[in-house]
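Residue-level listing of the chains:
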Amino acid sequence: MTLSTCLVLAAALFSIGVYGLLSRRQLVAILLSVELMANAGNIVFIAFSHFRGGSLGQVFTIFSLALTVAEVVVGLALVLLLYRRHGDTQVGLASEMKG
Amino acid sequence: MNVLSLALLALLAPAAAAAVLAVVPVLRRHGWPAAAVCVLGSTVSFAAALAILARSLDDPGPHQQVVPWLKASSTAVAEVGVRVDGVVAAMLVVVTLVALCVQVFSLGYMHDEPRPGYGRYFAYHALFLLSMNVLVVAPNLLQLFVGWELVGVTSYLLIGFYYRKPSAARAALKAFWVTKFADMGFLIGLFVLFVASGSFGWDAKLAPGVATVVTLLFFLAVVGKSAQFPLHVWLPDAMEGPTPVSALLHAATMVAAGVFLVVRADPLFAQAPDTRSIMLGLGAATALFAACLALVQTDIKKVLAYSTCSQLGYMIAALGAGSALAGFFHLTTHAFFKALLFLAAGSAIHAVHSNDIRDMGGLARRMPLTTAAFVAGALALAGIPGLSGFFSKDMVLEAVEGKLGSVPWAALLLTAFLTAFYMGRVVFVAFFGTPSGPAAEHAHEPGWSMRGPLLVLTVLAVGAGLLARPFATLYGAEYHFAMGAGPTLAAALALGGFTLAYVVFGRARGQEPGVTAWVARLAETSAIDRFYELTYRRVALVVADGLGWFDRYVVDGLINVLGYSTLEAGSRVRGIQTGFAPDYVLAAMLGVVGLAFWAVLR
Amino acid sequence: METLAFSVVAACALLSAIAVVRSLDLVHAVLWLGVTLFATAALYAMLGASFIAGVQVLLYVGGVITLMIIGVMMTRRQSGAAARLERRWSEPAALAALAIFGTVTWAVVATDGLDAPAPPPAPSAADLGRALLHDHLLAFETVSMLLLAAMVGAIVISRRRDPGAVAKRPPVRAASASPVAPATSAEAAE
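Here is what the cut-offs are and how they apply
- Residues numbered from 1 in each chain as written.
- Chains lettered and ligands numbered in written order.
- Predicted model: local features only at pLDDT ≥ 70, side-chain atom pairs only at ≥ 80, totals over all residues.
- Helix = DSSP H or I, 4+ residues; strand = E, 2+ residues; numbered from the N terminus.
- Buried ≥ 20, exposed ≤ 12 C-beta atoms within 10 Å, placed from the backbone.
- Contact = placed C-beta atoms within 7 Å.
- Pairing = 2+ DSSP bridges.
- Nonpolar A, V, L, I, M, F, W, Y, C, P; charged D, E, K, R; others polar.
- Expected span 1.5 Å × (residues − 1).
- pLDDT = per-residue confidence, 0-100.
- Core = buried A, V, L, I, M, F, W, Y, C linked by C-beta atoms within 7 Å.

Once that is clear, we can look at the overall build of chain A. Helices and strands together make up the secondary structure of chain A, namely three helices and zero strands. Within the span of chain A, comprising 99 residues, buried residues form 64% of the whole. Look at the contacts in chain A between residues 6 or more apart in sequence, and 45% of them connect residues 24 or more apart.

Below you can see the structure in the form of structure tokens.
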């Protein structure tokens, strides 16, 4: 368990999240992928905090957690809105900005 | 009042008249109020001119007052204002006097016009007098040019007075175009003069080559305005205008403006002997050429028009020979007798309702005053000894003698003979003999408004020769007259011409002998007209069409292509906006990858 | 020993993450995310951030996952069947993902001296609390504000506007999985 390994792991998780973000059609699924990405970021912070000392990494993680939760809350509200407008949570339905 | 204020008054009186008539259409609509305003303005102007003349005889020194007008830089200033000297004083009197006579004559002559037209006519006259005065009192060539152009506009308006008549409208345009083409020379000459000397004055010292260029350019304008060959073509057509207009503009004043320009710019022309030679040659050639054409015209006004061309040629030749005094004096006498001739012709035309001399005949018995006036004018024009034209022609001939191998001198002498001959022809065919038709039989004298000016001008045409000495003093030169070989020869030629005319035409019954029919071929200015028309159609129109095509397809096409391609590109690019959020995220991600890559690489 | 534990946890996290993005059933995907978050919490614990690990479990697994499930349940079709998700791989996404992974890994590998000799002592919860409320007080308060704003915003966004709107919306759809054509609401917005 070295810092590089942790970082590579975090990168892998992040990439998987990116894949999900870009390939999924359901809004909820996209939110899940975003969660993954945020999580990967947190891992990086914690890893650095552990291997380089100082509490800054963990402090950042606390804030990141809070922010991510807030983002999930708003995201779910948007999911509700999308569902109400179109009867489905397919993200392709919200294409009024086309052209 | 000092002379400058008087000059300003001479300017402002017709200006005020023109302004009032322009702004208050009611005056024009009723006709006679406009005439009254115009004549009033002209009278004031004439009175001022007389006052200036009186003062100038005592004190001919140039007085000048200018105000800055256009400022290009601290040193480059164009000015306008008033200038009074001997030349101006004389010219101003000539212009205002003839204008007043013509306007008074018009009161009767144009009486049958509908009221609004009558009013419009006098409004134009006021405008013309203003323009001519601006030209005469100009302190520099720039203001002279302003007056020049204004005069051109009023000429257009007056020639095209009967605008509903297609020939009149065409004639007005033709006059305007031909003179406008010539005015290019004036404008470019002004530019060159300014660049070379830093001002628009005529007393600049220029390098010989520059002087030649500038004077040649000005001469181009003179050729147009004073109807010299080959730009004389507009003057015969300008006879479409009312006869008093022909008398004023196209005999006495406007066409004389060209001569006046050369007189004013004499210091410049003195520095360009080559230009003077050209002027001498062209003037003499035009004089002879126009005299030939005058021989075969049947329209009395056209005879007088070509005669004007011819006499202007005399003036130009005199100027080319270096004697501005001779040219200027001939201008003055010519103004009087030519205006007289035109007005008398107008009286005859008014009586028989036709311009054609073949419709006249035997008018002497029925219209003695008109006949006397016309004959007096004809004699003066021909240069019969004792009359004004004799003295001024003599001055011209004396100046021209010996120059350019005396060829111009011989041409001018021949022209004198022809002048007497063609004027004799008109006199005998139109005024003597027997009436050719009912119209000529019932001719009668016109009213007093028309007779008055005829009388005045007759006196001047006959007696202006006596004014030669004071005239010369005003100009600032000496004048001696001696009945030497030259004048005698000229007098003999003039008398001979008249005699021949009597022999050929004297016993005619108002008819033309058939011999001149074939000579009519020679008359056609249409040769030149056709050349111009050909040039216009084949060259100018073709070039214009080509340029039009270029403008439409290349220039506009370029812009259209730009616009079209912008729209097309926009339409294509718009497809990027799918409205599908994950696509945008993908784009952002790719950007992030790029940035990360770049950050790592650094 | 430590390495083994780490490998197990790491493998868990990775596999469950892949499951999240490839699962065909939405509920399953949510649950797999829960597993991933648990694995991450274990990782945190191994990295000396036990407090954070605890918070992670509470907040994420407890709060976020629960919210997600509720969200999924609320936005189901009347028929009760869950939405079908994609089967196929998406090439551009994979490309982007691989690009990012490649870039970061290369950056990590290319940097020397990344692996320090001995890990220094991890901060305790008390240290963390002191840091939050003393050194980073401003940020702390700001984040609280942000949480408040998020809550209020979510409520405002998902409020029902007018009772008639619900009646106009066609909530009942045919039980097909394909994305519907733009609904009348979408057309009305054009």
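There's more to say after this.
Quick look at the pairing of strand S1 (residues 63–71) of chain B now. Residues and elements named next belong to chain B. Of the strand pairs in this sheet, S1 and strand S2 (residues 77–84) are connected by eight bridges, and their pairing is antiparallel. By the bridge assignment, Lys-71 is partnered in S2 with Val-77. Connecting S1 to the next strand, S2, in antiparallel fashion are five residues.

Contacts between chain C and chain B engage seven residues on the former and seven residues on the latter. Across the side of chain C that touches chain B, the residue classes break down as six nonpolar, one polar and no charged.

Next up on the list: helix H2 (residues 27–52) of chain A. In an α-helix, one turn spans 3.6 residues; hence positions three or four apart end up facing the same way. Residue and element names in this part refer to chain A. For H2, spanning 26 residues, the distance from its first C-alpha to its last is 38 Å, which sits close to the expected 38 Å at 1.5 Å a residue. Within H2, 20 of the 26 residues are buried, which leaves it mostly tucked inside the rest of the structure. Of the residues flanking the end of H2, it is Gly-53, one or two places downstream, whose phi is positive at about 85°.

With that settled, consider the confidence of the model for chain B. For chain B, mean pLDDT is 86; residues scoring 70 or higher make up 96% of the total. Within chain B, helix H6 (residues 141–159) of chain B carries the highest mean pLDDT (94), whereas helix H24 (residues 515–523) of chain B carries the lowest (50).

So, on to unusual backbone geometry. All names here are of chain B. At the junction of Phe-229 and Pro-230, the peptide bond is cis and its omega measures out at 0° in the coordinates. With respect to the helices, strands and loops of the structure, Pro-230 is situated in the loop between helix H8 (208–225) and helix H9 (234–237). A positive phi angle, near 60°, is found at His-353, a position not held by glycine. Position of His-353 relative to the elements: it lies in the loop between helix H15 (324–352) and helix H16 (363–366). Looking at His-353, the number of C-beta atoms within 10 Å reads 9, which means it is exposed. One non-glycine residue with positive phi stands out, namely Ser-406, at about 60°.

Before going further, it helps to examine the interface of chain A and chain C. With 67 residues of chain A at the contact, the number on the chain C side is 81 residues. Going through the elements one at a time, helix H1 (3–23), H2 and helix H3 (56–86) of chain A are the ones with two or more residues in the side of chain A that touches chain C. Broken down by element, the side of chain A that touches chain C gets its largest block of residues, 23 residues, from H3 of chain A. In terms of residue class, the side of chain A that touches chain C is made up of 40 nonpolar, 19 polar and eight charged.

Now for helix H11 (residues 256–264) of chain B. Most of H11 of chain B is tucked away, with nine of its nine residues classed as buried. Burial in H11 of chain B covers these residues: Ala-256, Ala-257, Gly-258, Val-259, Phe-260, Leu-261, Val-262, Val-263 and Arg-264 of chain B.

Another aspect to go through is the environment of Tyr-156 of chain B. Residues and elements named next belong to chain B. Along the polypeptide, Tyr-156 turns up in helix H6. For Tyr-156, a count of 21 C-beta atoms within 10 Å translates into the label buried. Separated by 16 residues in the primary sequence, Tyr-156 and Ala-172 have C-alpha atoms spaced 4.9 Å apart. Beyond its immediate sequence surroundings of up to four residues, Tyr-156 is in contact with Ala-172, Ala-175 and Phe-176.

The next subject is the nonpolar core. Residues Val-98, Ala-317, Ala-339, Leu-340, Leu-412 and Ala-461 of chain B are the most contacted members of the largest nonpolar core, which totals 216 residues. Ranked by the residues each element gives to this core, the list is headed by H15 of chain B, at 20 residues. In this structure Leu-340 of chain B touches Ala-373, Ala-376, Gly-377, Leu-454, Leu-457, Thr-458 and Ala-461 of chain B, once residues within four positions along its chain are discounted. One finds Ala-10 and Leu-27 of chain A together with Val-64 and Ile-100 of chain C within the second-largest nonpolar core, a separate group that totals 79 residues.

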